[in-house]
Amino acid sequence: MSLDSTDRCNCCTIRDTCVFYSLPPDLRRRFQSITDVRSYAAGATVVSQGDDAHGVFIVRLGAVRLLHMAAGGKMMAVRVVSASGIIGLPEVTSGTPYHFTAQTVDESFLEYVPRKAFVSFLLDQPQVALELLIWLSQQFEDLELSLCETVTDPDLEHRLLDQLRELGETCGNPIDGGIQLRPKLTGQDLADGLGCSRQWISKLLGDLEHRGLIKRRSRRIIVTPAAFAGDTRP
């Protein structure tokens, strides 16, 4: 993927899941003209919770962990934003500070749009504003469904596998034997995303590996073809 291209969308490997790729080519190019591609080393802080929302970030390569400081000062991982995900959109459009601290899981490339330029672009291009509204609505719906599953579905193993498959599709590298997840996710990352303990995630990963649905190699998770084949419930 050439991130320096004047039309980065045509080079992007995750364009089919990106809200901006659905725009007409001329609008995509106009949007790219107000963006800046930034590279971050693994573990870098992109924004901090409570900072003024100065801009929006679109994940192009890599993954970003969202952290929230709860009452008592405990920092908790909320979820991992993978390629084509957007960070800071609700805060920039509402004028509130960033709700989360965003840290890169591994080396990542993010497209940055300053708040003033972003808001001006949306005011000039209502079509883009509508596309983002639809995207936000889908994100909210997914969160509601995920919350319902957390409350009513005891099958954590199946939801963990769904999470790994989604990460494989958005930021995985095809290799012999399956799809290797690019970010080096920790057990705590996965546990916080599902609302369970790290020890329980370790057990679930072991069960998935025993069933041949994943492999673990040098702190990387490989999702095997069997994980995408039909009903994988035990």
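Below is a summary of the structure that appears in this document. (Residues numbered from 1 in each chain as written. Predicted model: local features only at pLDDT ≥ 70, side-chain atom pairs only at ≥ 80, totals over all residues. Heavy atoms only, no water.)

1. A closer look at the sheet that holds strand 11 (residues 214-217)
Spatially, the four strands line up as an open sheet ordered 9-10-12-11, and their pairing is antiparallel. Of all the strands in the sheet, just strand 9 (172-175) and strand 11 have a single pairing partner and so form its edges. On average, adjacent strands in this sheet sit at an angle of 30 degrees to one another, irrespective of strand direction. Across four bridges, the pairing between strand 11 and strand 12 (residues 220-223) is antiparallel. In the sheet register, I214 faces strand 12, and the bridge partner there is V223. (Pairing = 2+ DSSP bridges. Helix = DSSP H or I, 4+ residues; strand = E, 2+ residues; numbered from the N terminus. Axes fitted to C-alpha atoms, helices over the stretch in contact; angles between N-to-C directions.)

2. As for the pattern of salt bridges
Evaluation of the coordinates by the stated rule reveals six salt bridges. In this structure, the salt-bridge partner of R38 is D36, at a minimum N-O distance of 3.3 Å. Here D36 falls in the partly exposed class, since its relative accessible area comes to 37%. Between E157 and R211 there is a salt bridge, with its nearest N and O atoms 2.1 Å apart. On the criterion of sequence distance, the pair formed by E157 in helix 5 (residues 156-171) and R211 in the loop between helix 7 (198-210) and strand 11 is long-range, its members being 54 residues apart. Of the residues examined, R211 reaches a relative accessible area of 31% and is grouped as partly exposed. (Salt bridge = Lys/Arg side-chain N within 4 Å of Asp/Glu carboxyl O. Buried < 20%, exposed > 50% of the residue type's maximum accessible area, 1.4 Å probe, protein only.)

3. A few points about the nonpolar core
The biggest cluster of nonpolar side chains holds 32 residues, and the ones touching the most others in it are F20, F57, I86, I87, F118, V128 and L132. The element best represented in this core is strand 3 (residues 55-61), accounting for four residues. Residues contacting L132, with those up to four places away along its chain left out, are V19, F20, I86, L89, F118 and L122. (Core = buried A, V, L, I, M, F, W, Y, C linked by side-chain atoms within 4.5 Å. Contact = heavy atoms within 4.5 Å.)

4. Considering the sheet that holds strand 3
Overall, antiparallel pairing links the four strands, which are arranged 1-8-3-6 in an open sheet. Each edge of the open sheet is held by one strand with a lone partner, namely strand 1 (36-40) and strand 6 (86-87). Summarising the sheet, strand 1 and strand 8 (residues 108-114) pair through five bridges and their orientation is antiparallel. Bridging from a neighbouring strand, R38 pairs with L110 of strand 8. Contacting strand 3 and strand 8, helix 3 (residues 115-124) crosses the sheet at an angle of about 70 degrees to strand 8.

5. Overview of a nonpolar patch on the surface
A surface patch of nonpolar side chains, amounting to about 280 Å² of accessible area, comprises L130, L133 and I134. Along the polypeptide, I134 turns up in helix 4 (residues 126-152). (Patch = residues over 30% accessible without salt bridge, like charges linked within 9 Å, V, L, I, M, F, W, Y side chains within 5 Å. Areas by Shrake-Rupley, 256 points an atom, 1.4 Å probe, with all protein chains shown as cover.)

6. Comments concerning the pairing of strand 9
As judged from the four bridges shared by strand 9 and strand 10 (residues 178-181), these two strands associate in the antiparallel manner. Bridging from a neighbouring strand, G172 pairs with L181 of strand 10. Where strand 9 folds back on strand 10, the antiparallel hairpin that results is connected by two residues, among which G177 adopts a positive phi of roughly 100 degrees.

7. Here's the deal with the environment of P97
For P97, the position within the fold is in the loop between helix 2 (89-94) and strand 7 (101-104). In the structure, P97 is positioned 45 residues away from D52 in sequence and 4.5 Å away in space, judged by C-alpha atoms. Setting aside residues up to four positions removed in sequence, P97 forms contacts with G50, D51, A53 and E91.

8. As for the packing of helix 5 against helix 7
Two numbers describe how helix 5 lies on helix 7: the axes approach to 10 Å, and their chain directions differ by 75 degrees. Of the possible angle classes, the one that applies to helix 5 and helix 7 is roughly perpendicular. Residues L156, E157, L160, L161 and L164 of helix 5 form the contact with helix 7, whose participating residues are W200, I201, L204, L205, D207 and L208. (Parallel < 35°, antiparallel > 145°, perpendicular 65-115°, else oblique.)

9. Digging into unusual backbone geometry
Within the chain, S84 stands out as a residue other than glycine whose phi angle is a positive 85 degrees. For S84, a relative accessible area of 9% puts it in the buried group.

10. Examining helix 3
Listed as buried for helix 3 are F118, F121 and L122. Seen from one end, helix 3 has its buried residues packed into an arc of 100 degrees, which puts them on one side. Facing away from the buried side of helix 3, by more than 90 degrees, are the exposed residues K116, L123 and D124. (Arc of directions from axis to C-beta.)

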